[in-house]
Structures are given as C-alpha cells and as structure tokens.
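Report on the structure
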Amino acid sequence: MKIDLKPLKQVLSKFDREVRMTNPGFGRVFSEHMVISDYEASSGWSTPILQPYGPITLDPAASILHYGQSIFEGLKCYPQKNGNVALFRPVENWKRMNESAHRLAMPSIPEDLFISAAEALVRQDRSWVSDKRGESLYLRPLMFATEAALGVRPSISYRFVLFASPCGSYFPQGYKAVSVWLSEDYIRAAPGGTGAAKFAGNYGASLIGQKQAIDHGCDQVVWLDAREHRYLEEMGGMNICLVEKKNNQIHLVTPELTGTILPGITRLSLIQISKDLDWGFSERRISTQEWQEKSISGEFSETFACGTAAVITPIREVKSRTGSWLINQGTIGPVALQLREYLLDLQHGEIPDSHGWLHPIN
Ligand SMILES: *Cc1c(COP(=O)(O)O)cnc(C)c1O
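It should be emphasised that the depicted structure is a prediction, and the values quoted were computed from it without experimental measurement.

Take the overall build of the protein chain next. Along the protein chain, the regular secondary structure elements total eight helices and 19 strands. Taking 362 residues into account, the globule formula puts the C-alpha radius of gyration at 21 Å, and the protein chain, at 21 Å, falls close to it. Dimensions of the protein chain, computed from the C-alpha atoms along their principal axes, are close to 60 × 50 × 35 Å. Counting across all 362 residues of the protein chain, residues that qualify as buried make up 52%. Entry remark: accessible area of the protein chain is about 16,300 Å², with carbon and sulfur atoms responsible for 52%. Taken as two groups, the 37 positive and 39 negative side-chain charges of the protein chain have centres that lie 2 Å from each other.

Below, the structure is given as structure tokens:
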C-alpha cells in the first residue's frame, strides 16, 4: 500500500537521540514519527500519512471520549544478529486487532494497511531500534472512534494511529521474580464481555485491582474467573503459564481460552516452542486451590507470566485474603529462564526462524 511520506525535515542528532534512548524504561519515550489513517463509513480508510510524532486534536463530542470505542495492539521490532531489524509475528497482531474491532463494533483494518504502516514507520525511525539484545522498538497500533455525536451507537468515523517507543530491557536492575495478589474483590472480564479484546476499557477497569495489589505489598494482580472467583485467568496484562513436573518430564499448563482471557501471541509462541522442545503441553482450568497445593508439594515447580512487553516474568509469591504461598521457594526457576532466552534468541534471529515468525524490514 502507498504511504504518503511527510517526515520531519530534520531529525534529532545522533547525540540527542542517544540521550533519549538511554534507560528509556517502558513506554515513556517516543520515536519521531507516527502513521495516521482515517476511516469514514462512506469512503473507507484514507491513504496513511507518515508524519512527525505529536499531539492530535479531537472534537469534545468525539465518541471515544464518551463511549470508549478504542482498541490497541503491541508488537516489537528487534535488532537482528545480521544487522537488520525484524518485527515478530506482526500478522498475528493484525488478526487480533480485527478481532478486537469486531467485538467493539468497529471497522476492520486491511492487512496491507497495518503491515505497510509498520514497515514505513520502522524504516523511517530505524535508528530508534537499539542494537542491544533484550532491547527493541515497541510499536503501538491504536484505533478509536472520532465521530462528533452523542447518540449511543457505533461511530461512523475512526482513526488508526501507529507510533513507536524504544524500550530497554524490562528489568534494568536484573531479572526479577514478582509477587502477586489474588483479586477476589474485582474481576477483569466476564463471560460474554470484552476480556478477549485489547480494548481500552478493560485496562481502565483493571487499575483498581492493580492498586489493591500494590496496597497489599505485591507487584501485580492475578485475575480469577468472574463466576466462581476460583480459576486462574491472567496476571495484569500478561498470560499465565505453569510448569508441571511429571516423571521428570517438563509439562507446560496454561488456562484455556474461554473468551475472558486475552489470546496472547507470546502464549501462542510458547505453545509451539513447547512442541519444538518435546515438552508436554495442556490448556485447562486451574483452580487457586490446585495452584496452591501443587506449588507447595512441588508438582507445579514454577509459575510465570508471558507477554510482548516483559517476555517472561516469573512469579515468586502469591498472596490473598486467606493466606500466601511461595513458588519454587521464592526463586526464579530454570524453565522460565530457558524459555526467556529461547524466545529472545528467536526474536533476535540468533536461532533459525523455522516457523517464519520474523518479518524483516530492509
Ligand atoms: C496484550 C496482553 C497479553 C499478552 O499478549 P501478547 O500478544 O503476548 O503481548 C495478555 N493479557 C492481556 C490482558 C493483554 O492485554
């Protein structure tokens, strides 16, 4: 697809850029360009424009501000061993964005628009992709309703925005395991709701649960099912994976997708990797009781969360109103470490890309 290129006349000097890319953390520093395309029900998507990164204006009546039609994605561009850069599984993000769009009664985005926009932005802001392992350029595609109308119905106009944020290693102080709070007061997603969509409202509704976790001295919140508050769903904005030891064989277990869990692409990649490594794998319901009993007995030797932003985050302790327990004696386990290195190896092109997951950009 043709992208209308209207970049800055003069980009930042190497020195100024490097200052901004030093310890960028996550999602606080943004690259110099963005891509925008507008949708009208009558004419479809406009030719995307690559332009300088900056504020956008909205009508106060724009329906995003009132009724919340807004969805997003998150994917990364990684420096490769051969000096190139590559996106990791961008087509999966495109598919999932359209599933989110469908749930929110928003228009779908053509694959070509999504991929061409990502390619154009990465080409333009190529120098914002760090060349260090574990660092990357995080891309944030976004779509929201722009129609100025107060009637409660799907908007007839939308804006697609794609921008980028250099992100350092998620754990600048070294790789750490986290403590989690079991949320029994709040839920993230209910059957028939929007839990499987990367929909802005899910995150707004989750903040109080995350705040409660912090108030209880934990790093993250763990969400349980809405009906019984018994079954594991997710940790914050990441999927959960457990390691079950059976006759000394490694077996990964993750909650099955029931419509209330976000179908993570990292989760999907781990399912494939467990097959590649000849490990066992199952998707099933896991109750907090089973989690507790088997973590204490050692049958569940590890639990970790997975997602694009932090890759793999081991859980060391679980706390709830009724008690707390340690996982793997409170230390980082070998399976989480191995999977993290394996994923990073794949993402940085250090091992063969046998599933065609890398999308190189020249
Ligand atoms: C984005 C997200 C994930 C992880 O998805 P990835 O595609 O692996 O990054 C998991 N849970 C929630 C709630 C999310 O928003």
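Once that is clear, we can look at helix 5 (residues 200-215). Its 16 residues give helix 5 an end-to-end C-alpha distance of 24 Å, which sits within 8% of 22 Å, the value for a rise of 1.5 Å per residue. Where helix 5 bends most, the angle comes to about 35°, and this point is Ser206. All of the buried residues in helix 5 are Asn202, Ser206, Gly209, Gln212 and Ala213. Directly beyond the C-terminal end of helix 5, a positive phi value near 80° is found at Gly217.

Before going further, it helps to spend a moment on the nonpolar core. Considering soluble globular proteins, one finds that nonpolar side chains tend to be buried as a cluster. If you look at the biggest cluster of nonpolar residues, it comprises 39 residues, and the most contacted ones within it are Leu139, Met143 and Phe160. Elements supplying a minimum of two residues to this core: strand 2 (33-40), strand 6 (75-79), strand 7 (85-88), helix 3 (90-103), helix 4 (111-124), strand 8 (136-145) and strand 9 (157-167). In terms of nonpolar packing, the next biggest core, distinct from the first, is built from 22 residues, Val243, Ile273, Phe304 and Leu344 among them.

Two numbers describe how helix 3 lies on helix 4: the axes approach to 10 Å, and their chain directions differ by 130°. Here helix 4 runs oblique to helix 3, going by the angle between their axes. Considering only the axes of helix 3 and helix 4, their crossing is right-handed. Of helix 4, the residues touching helix 3 (which contributes Pro90, Val91, Asn93, Trp94 and Met97) are Glu111, Phe114 and Ile115. A breakdown of the residues in the contact of helix 3 with helix 4 according to their chemical character gives six nonpolar, one polar and one charged.

What follows deals with the site of the ligand. Near the ligand you find 14 residues, and of these Lys198, Tyr203, Glu234, Thr266 and Thr308 are the closest. Taking Lys198, its side chain carries an N or O atom lying 2.8 Å from an oxygen atom of the ligand. Take Thr308: an N or O atom from its side chain is 2.6 Å from an oxygen atom of the ligand. Bound to the protein, the ligand loses 95% of the 380 Å² it would expose on its own. When contributions to the shell around the ligand are tallied by element, the ones reaching two or more residues are strand 13 (238-246) and helix 6 (265-276). Grouping the constituent residues of the shell around the ligand by class yields four nonpolar, six polar and four charged.

On the secondary structure map, Ser287 appears in the loop between strand 15 (280-283) and helix 7 (288-297). Residue classification places Ser287 among the buried residues on the basis of a relative accessible area of 11%. Non-local contacts of Ser287, meaning those with residues more than four positions away in its chain, are made with Arg230 and Tyr231.

Turning our eyes to something else, we now look at a nonpolar patch on the surface. Taken together, Tyr67, Leu150 and Val152 make up a surface patch of nonpolar side chains, about 330 Å² in accessible area. Position of Leu150 among the secondary structure elements: in the loop between strand 8 and strand 9. Its relative accessible area of 53% is what places Leu150 among the exposed residues.

The next subject is the state of the cysteines. As enumerated under the stated definition, the model contains zero disulfides in all. Looking at Cys77, it has no disulfide partner, and the nearest cysteine sulfur is the one in Cys167, 11 Å off. Cys218 carries a free sulfur, and the closest cysteine sulfur to it, the one in Cys306, is 20 Å from it. For Cys218, a relative accessible area of 4% translates into the label buried.

This next bit is on the side chain of Asp125. Here Asp125 shows up in the loop between helix 4 and strand 8. Although buried, Asp125 forms no salt bridge, and the nearest oppositely charged side chain, Arg17, lies 8.2 Å from it. Only 2.8 Å separates the side chain of Asp125 from the side chain of His33, close enough to count as a polar contact. Among all residues touching Asp125, those that are not within four sequence positions of it are Ser31, Glu32, His33 and Leu137.

Another aspect to go through is the domain arrangement of the protein chain. Split by domain assignment, the protein chain resolves into domain 1 (4-167) and domain 2 (178-347). Computed over C-alpha atoms only, the centres of domain 1 and domain 2 are separated by 28 Å. Summing both partners gives a buried area of about 1,900 Å² for domain 1 against domain 2, and 58% of it is carried by carbon and sulfur. Among the residues of domain 1 in contact with domain 2, Phe72, Arg96 and Arg133 are the three that bury the most area, contributing 31% of the side total. The interface formed by domain 1 and domain 2 includes two salt bridges. Across the salt bridge formed by Arg133 and Glu341, the nearest N and O atoms sit 2.7 Å from each other. Inspection of the domain 1/domain 2 interface yields 13 residue pairs in polar contact (both at pLDDT 80 or more). Secondary-structure elements contributing two or more residues to the side of domain 1 that touches domain 2 are strand 5 (70-72), strand 6 and helix 3. In terms of residue count, the dominant contributor to the side of domain 1 that touches domain 2 is helix 3 (five residues). Looking at the side of domain 1 that touches domain 2, its residues break down into eight nonpolar, seven polar and seven charged.

Quick notes on the rules
Per chain, residues are indexed from 1 in the order of the written sequence. Selection of residues for local features in this predicted model requires a pLDDT of at least 70, selection of side-chain atom pairs for listing and counting requires 80 or more, and totals for whole chains, interfaces and linings are taken over all residues. Excluding hydrogens and water, the side-chain figures rest on all heavy atoms present in the structure. Going along the chain from the N terminus, every DSSP run of H or I of four or more residues is numbered as a helix, and every run of E of two or more is numbered as a strand. Radius of gyration here uses only the C-alpha atoms, and the compact-globule reference equals 2.2 Å multiplied by the residue count raised to the power 0.38. Burial classes follow relative accessibility: with a 1.4 Å probe on protein chains only, a residue under 20% of its type's maximum area counts as buried, one over 50% as exposed, and anything between as partly exposed. Only the protein chains shown count as cover for residues, and all accessible areas are computed by the Shrake-Rupley method using a 1.4 Å probe. Charge counting treats Lys and Arg as positive and Asp and Glu as negative, with His and both chain ends excluded. In plain terms, the charge of a residue is placed at NZ if it is Lys, CZ if Arg, CG if Asp and CD if Glu. To estimate how far a helix should extend, the number of its residues minus one is multiplied by 1.5 Å. Note that the bend at a residue is defined as the angle between axes fitted to the seven residues ending at it and the seven residues starting at it. We call a set of buried residues a nonpolar core when its members are Ala, Val, Leu, Ile, Met, Phe, Trp, Tyr or Cys and they connect through side-chain atoms within 4.5 Å of each other. Between the N-to-C directions of two axes lies an angle of 0 to 180 degrees, each axis being a line fitted to C-alpha atoms and, for a helix, fitted only over the stretch in contact. In what follows, roughly perpendicular refers to angles from 65 to 115 degrees, roughly parallel to angles under 35, roughly antiparallel to angles over 145, and oblique to any angle outside these ranges. The sense of a crossing depends on the near helix, which, turned anticlockwise from the far helix by less than a right angle, makes the crossing left-handed and, turned clockwise, makes it right-handed. The contact criterion used is simple: two residues touch if any of their non-hydrogen atoms lie within 4.5 Å. Each residue is assigned to one class: nonpolar for Ala, Val, Leu, Ile, Met, Phe, Trp, Tyr, Cys and Pro, charged for Asp, Glu, Lys and Arg, and polar for all the others, Gly among them. Only a single heavy atom is needed: when it lies within 4 Å of a molecule or strand, its residue is near that molecule or strand. In protein, a polar contact requires one atom able to donate a hydrogen and another able to accept it; more generally it is a pair of N or O atoms within 3.5 Å, and residues adjacent in sequence count only if both atoms are side-chain atoms. Here, patches come from residues exposed beyond 30% relative accessible area and free of salt bridges, joined within 9 Å for like charges and within 5 Å for nonpolar side chains (Val, Leu, Ile, Met, Phe, Trp, Tyr). When a carboxyl oxygen of Asp or Glu lies within 4 Å of a side-chain nitrogen of Lys or Arg, that pair is called a salt bridge. Two cysteine sulfurs form what is called a disulfide whenever their separation falls within 2.5 Å. As annotated, the domain borders come from an automatic or database domain assignment. A 1.4 Å probe defines the accessible area here, and the buried area is the portion of it lost by two parts on being joined, summed over both.

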